[in-house]
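The residues making up each chain are set out below.
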Amino acid sequence: MSALIHAHGLSRSYPVPRTHLFERARVNVALEPTDLEVAAGESLGLIGESGSGKSTLVRLLLGLDRPTSGQLFVDGRAVDAAASARSLHWLRRQTGLVFQDPYASLDPRMTAGQIIAEPLWALDIPGDHRVRVREVLMQVGLDADMADRHPHEFSGGQRQRIAIARAIAHRPRILVGDEPMSALDVTVRAQVLALFERLRRDEGLTLILVSHDIGLVQNLSDTVAVMKDGRIVERGTTVDVLQHPTQDYTRQLLAALPVIP
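Residues numbered from 1 in each chain as written. Predicted model: local features only at pLDDT ≥ 70, side-chain atom pairs only at ≥ 80, totals over all residues. Heavy atoms only, no water.

Okay, the sheet that holds strand E10 (residues 231–237) next. One open sheet accounts for six strands, arranged E6-E7-E8-E3-E9-E10; its pairing is mixed. Of all the strands in the sheet, the pair left with one neighbour each is strand E6 (95–98) and E10. If you compare each strand with its neighbour and ignore which way they point, the axes differ by 15° on average. Of the strand pairs in this sheet, E6 and strand E7 (residues 174–178) are connected by four bridges, and their pairing is parallel. (Pairing = 2+ DSSP bridges. Helix = DSSP H or I, 4+ residues; strand = E, 2+ residues; numbered from the N terminus. Axes fitted to C-alpha atoms, helices over the stretch in contact; angles between N-to-C directions.)

Right, here's the structure in full:
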């Protein structure tokens, strides 16, 4: 498989506000220089403690933040995060993002149909948007006539399905989930997990999943990257990393997981 995403030396630092006039300038390093390749059709799980750099890396891969150093290529094309929003439309068409909280990520003033259609008109996607909205609603397991309802009229699981529908409406090649299951109960998580599996199989999507949920990563990811202090400290197949970790930090991370007798 060829590399769909290629990052070389990607890093991100943020200036730390001074506490007094003569204090030396300081920076907070959120991501150390990082190399990463994700093949077309691959499913990559990013795991690590809070503050390990997972979300920072994902924001850079999506072109939502500007790296301090390094280069990013998506499908062989360089990403300039400092470019105008319109000049990055090509990247937005390639990517879809599902956030952690399905209610906070949906505008309560908009109907489900308007929410799902938003990337279609924002990215100038041709075609009948109403037809596409109905198609995507059915694709994620919702009735097409639900397009006229507002977010508060749906359950948590249904809202996350709407968020997924919005993320795939423009037919992206890359789908990113930033803790997409953490706000859902156990039963709903199983349903949404099955939906992710089906979408990946049917649409040939490349998946990047940020999650504390090792079970989710184990079920959906081909490969795993373990992050600590802004670095990828271990990467390999899901089976190798989760069952035969080589790094002490990975062993500690897995040992800290709760186990039900």
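With that settled, the discussion passes to the layout of surface pockets. Approximately 410 Å³ is the volume attributed to the largest pocket. Forming the walls of the largest pocket are 14 residues, and the residues nearest its centre are Arg92, Thr95, Leu97, Pro119 and His170. Contributions of two or more residues to the lining of the largest pocket are made by E6, helix H3 (112–122) and helix H5 (156–168). Residues that form the lining of the largest pocket fall into these classes: eight nonpolar, three polar and three charged. (1 Å grid on protein atoms, 1.4 Å probe; cavity = no way out; pocket = protein on both sides within 12 Å on 5 of 7 lines; lining within 4 Å. Points joined across faces, edges and corners; volume = space filled by probe spheres on them. Nonpolar A, V, L, I, M, F, W, Y, C, P; charged D, E, K, R; others polar.)

Following the sequence through the fold, Ile164 ends up in helix H5. Accessibility expressed as a relative area gives 0% for Ile164, which makes it buried. For the pair Ile164 and Ala7, spaced 157 residues apart in sequence, the C-alpha separation works out to 26 Å. Apart from the residues within four sequence positions on either side, Ile164 is in contact with Val98, Val140, Val192, Leu195, Phe196 and Leu199. (Buried < 20%, exposed > 50% of the residue type's maximum accessible area, 1.4 Å probe, protein only. Contact = heavy atoms within 4.5 Å.)

This part covers the confidence of the model for the protein chain. Of the residues in the protein chain, 97% reach a pLDDT of 70 or more, and the chain-wide mean stands at 90. Taken element by element, the predicted model of the protein chain shows its lowest mean pLDDT in helix H7 (residues 214–220) (84) and its highest in E10 (96). (pLDDT = per-residue confidence, 0-100.)

Counted at 1.5 Å a residue, the expected span for helix H6 (residues 186–203) with its 18 residues is 26 Å, and the 26 Å between its end C-alpha atoms agrees. Listed in full, the buried residues belonging to H6 are Val188, Val192, Leu193, Leu195, Phe196 and Leu199. The arc enclosing the buried residues of H6, seen along the axis, measures out at 160°, which places them on a common side. In this structure, H6 carries Val186, Thr187 and Arg201 as exposed residues pointing more than 90 degrees from its buried face. For H6, the elements touching its buried residues are E6, helix H4 (129–139), H5, E7 and H7. (Expected span 1.5 Å × (residues − 1). Arc of directions from axis to C-beta.)

As a further point, take the sheet that holds strand E2 (residues 26–39). In sheet architecture, strand pairing relies on hydrogen bonds along the backbone and comes in two forms, parallel and antiparallel. The strand order across the open sheet built from four strands is E2-E1-E4-E5, with neighbouring strands paired in antiparallel fashion. Because the sheet does not close on itself, it has two edges, and the strands there are E2 and strand E5 (77–78). Bridge count between strand E1 (residues 3–16) and E2: 10 bridges; the pairing is antiparallel. Bridging across to E2, Leu10 finds its partner in Thr34. Sitting on the sheet, helix H1 (residues 54–61) is in contact with E1, E2 and strand E4 (69–74), with an inclination near 120° to E1.

For the rest of this paragraph, the subject is the pairing of strand E8 (residues 206–210). Burial runs high along E8: five of the five residues are buried. Across the two faces of E8 the burial is the same, with Thr206, Ile208 and Val210 and Leu207 and Leu209 all buried. Here strand E3 (residues 43–47) runs beside E8; their pairing, made up of four bridges, is parallel. Bridged to Gly45 within E8 is Leu209.

Here the focus is the packing of H3 against H4. Two elements in contact, H3 and H4, have axes whose closest approach is 9 Å; the angle formed by their N-to-C orientations is 120°. It follows that H3 is oblique to H4 by the angle criterion. By crossing handedness, the relation of H3 to H4 is classed as right-handed. Here Gly113, Ile116, Ala117, Leu120 and Trp121 of H3 lie close against H4, whose contacting residues are His129, Arg132, Val133, Val136 and Leu137. The residue makeup of the contact of H3 with H4, split by class, is seven nonpolar, two polar and one charged. (Parallel < 35°, antiparallel > 145°, perpendicular 65-115°, else oblique. Left-handed = near helix turned anticlockwise from the far one by under 90°.)

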